[in-house]
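Residues per chain, in single letters:
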Amino acid sequence: MTDEAGGDAGGGDTGGGEPDVRFTYANERTFLAWNRTALALIATGVAATQLLPAFDVDFGRRLLGLPLIAMGALVSVASYRRWQANQRALRRGEPPPRSALPVLLAGGIAVVAVVALVLAAFAEGGRGGG
Amino acid sequence: MAVDDELDPGLPAERTELAWSRSGLAMLGCAALVARRFVPVEPGAELAALMVLLGVSGAAWAGALLAARRVRPGASAEPSTDRRLRMATLSTTAIAAAAFVVALFPLPD
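For every chain, the first residue of its written sequence is number 1, and the numbers climb from 1 along that sequence. To read the labels, note that chains go from A and ligands from 1, taken in the order they are written. Only residues with pLDDT of at least 70 are given local features in this predicted model, and only at 80 or more are side-chain atom pairs given and counted; all residues enter the totals for whole chains, interfaces and linings. Side-chain measures here rest on the full set of heavy atoms in the structure, leaving out hydrogens and waters.

### Let's talk about the overall build of chain A
This is how the line gets drawn: Only DSSP runs of H or I reaching four residues or more are called helices, and only runs of E reaching two or more are called strands; each is numbered from the N terminus. Note on exposure labels: buried denotes an accessible area under 20% of the residue type's maximum, exposed denotes more than 50%, and partly exposed covers the range between, all computed with a 1.4 Å probe on protein chains only. Residue contacts follow a heavy-atom distance rule, with two residues in contact if any of their heavy atoms lie within 4.5 Å. Accessible surface area values rest on a Shrake-Rupley calculation with a 1.4 Å probe, where residue burial reflects the displayed protein chains alone.
Within chain A one finds three helices and zero strands. Helices and strands appear in chain A in the N-to-C order α-α-α. Buried residues in chain A amount to 38% of all 130 residues. Summarising the internal contacts of chain A: among those between residues at least 6 apart in sequence, 69% fall at separations of at least 24. Taken as a whole, chain A presents about 6,800 Å² of accessible surface, with 62% of it coming from carbon and sulfur.

Right under this line is the structure:
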């Protein structure tokens, strides 16, 4: 990836060669995969607030859904910026920049999972509660 | 990889095209899930409204894809790609904003 192997389109120059088209496509697909992840987070958040039976705890469903939706918005914007940074690195023939996005996503999902576990264990009820 | 696709840029392009299709479908599904909340009409009419909405946005997505792919050979595709990605990001954050409202004020039932 760093060496621009086989790229005859002028990669590896200082400022602005056109990067190998295969890497450009791969970068685009990576963005799209992140974008779908964002959409999945949003859809899951909506489903959690609309489709789950109510917990005994007030705001129980929203406690699960709203962070997921917020994470979806964050991932959406962050993935675009990441695509830009990757594209810049490709033009300069540098390795792709490190990104905190995977760690943040994993951490966020883990936190939501723990909250869901606590809610499921201690706030079960469904029928009666609000 | 059995085939060296260095000489055939069609394969990566095709994979990317398919990824766009998947993203379009995911976006339609997500938007439909959110839009359901904003269509407070009869169940039958709700379905019809949703079908129209999905049809129109699906056609718009397909049209945008076709238009954006018409890049002159030799010219850089990056500006057009950048526009498309910005459009996708904008749509996704708009859906997220609508979803946030939907989640904050769920239907009383």
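### With respect to the pattern of salt bridges
Cut-off, in case you're wondering: The rule for a salt bridge is simple: a side-chain nitrogen of Lys or Arg has to be within 4 Å of a carboxyl oxygen of Asp or Glu.
Applying the stated criterion across every chain yields a total of three salt bridges over all chains. Across the pair R22 of chain A and D20 of chain A runs a salt bridge, and its minimum N-O distance is 2.9 Å. Overall, the relative accessible area of 7% leaves D20 of chain A in the buried class. Ionic pairing is found between D82 of chain B and R86 of chain B, a salt bridge with its closest N-O pair at 2.2 Å.

### Digging into the packing of helix 1 (residues 21-51) of chain A against helix 2 (residues 60-92) of chain A
Residue and element names in this part refer to chain A. Note the threshold: Here an axis means a line fitted to C-alpha atoms, over the contact stretch when the element is a helix, while the angle between two N-to-C directions is reported on a 0 to 180 degree scale. Any angle that falls under 35 degrees is termed roughly parallel, while one over 145 is termed roughly antiparallel, one within 65 to 115 roughly perpendicular, and all others oblique. Three categories are distinguished: nonpolar for Ala, Val, Leu, Ile, Met, Phe, Trp, Tyr, Cys and Pro, charged for Asp, Glu, Lys and Arg, and polar for the others, with Gly belonging to the last.
Put simply, helix 1 and helix 2 touch, their axes get as near as 7 Å, and they point 170° apart. Judged by the inter-axis angle, helix 1 sits roughly antiparallel to helix 2. The residue makeup of the contact of helix 1 with helix 2, split by class, is 16 nonpolar, 12 polar and four charged.

### With respect to the interface of chain B and chain A
As a reminder of what qualifies: Two parts lose some accessible area (1.4 Å probe) when they are put together, and adding that loss for both gives the buried area.
With 39 residues of chain B at the contact, the number on the chain A side is 31 residues. Of the roughly 3,200 Å² buried where chain B meets chain A, counting both sides, 66% is carbon and sulfur surface. Area buried by chain B at its contact with chain A is led by E78, L85 and A103 of chain B, which between them contribute 16% of it. Taken together, the connections running from chain B to chain A amount to one salt bridge. Note that R84 of chain B is salt-bridged to E28 of chain A, the shortest N-O span being 3.2 Å. Elements that contribute at least two residues to the side of chain B that touches chain A include exactly helix 1 (10-35) and helix 3 (78-104) of chain B. When residues in the side of chain B that touches chain A are grouped by element, the largest group, 17 residues, is from helix 3 of chain B. Class assignment of the residues belonging to the side of chain B that touches chain A gives a composition of 21 nonpolar, seven polar and 11 charged.

### Re the nonpolar core
Threshold: The set of buried Ala, Val, Leu, Ile, Met, Phe, Trp, Tyr and Cys residues whose side-chain atoms join them within 4.5 Å is what this entry labels a nonpolar core.
One finds F31 of chain A together with W20 and I95 of chain B to be the most contacted residues of the largest nonpolar core, which totals 23 residues. Those elements that place two or more of their residues in this core are helix 1 and helix 2 of chain A together with helix 1, helix 2 (43-68) and helix 3 of chain B. By residue number, the principal contributor to this core is helix 3 of chain B, which donates seven residues. Contacts of W20 of chain B, omitting those with residues within four sequence positions, involve E28 and L32 of chain A together with W61, L65, R84, L85 and A88 of chain B. Ranked by size, the runner-up nonpolar core spans 14 residues in total, among them W34, A48, L68 and L105 of chain A.

### Focus on the packing of aromatic side chains
Keep this limit in mind: The aromatic pairing rule takes the rings of Phe, Tyr and Trp, using the six-membered ring of Trp, and pairs them if the centres are within 6.5 Å, calling planes under 30 degrees apart stacked, those over 60 edge-to-face and the rest tilted. The rule for a charge over a ring is simple: NZ of Lys or CZ of Arg within 6 Å of the ring centre, and within 35 degrees of the ring normal.
Inspection of every chain in the model, using the stated rule, returns one aromatic pair over all chains. Here the aromatic rings of Y80 of chain A and W83 of chain A are separated by 6.1 Å at their centres, their planes lie at 20°, and the arrangement is stacked. One end of the pair, Y80 of chain A, and the other, W83 of chain A, are both in helix 2, three residues apart, so they sit about a helical turn from each other. Between R84 of chain B and the ring centre of W20 of chain B, over which it is positioned, the NZ or CZ distance is 4.3 Å.

### With respect to the side chain of T16 of chain B
Quick note on the threshold: Think of a polar contact as two N or O atoms within 3.5 Å of one another; within protein, one of them needs to be a possible hydrogen donor and the other a possible acceptor, and neighboring residues in sequence only count if both atoms come from side chains.
Following the sequence through the fold, T16 of chain B ends up in helix 1. Accessibility expressed as a relative area gives 0% for T16 of chain B, which makes it buried. Within the structure, the side chain of T16 of chain B is placed 2.9 Å from the side chain of R29 of chain A, a separation counted as a polar contact.

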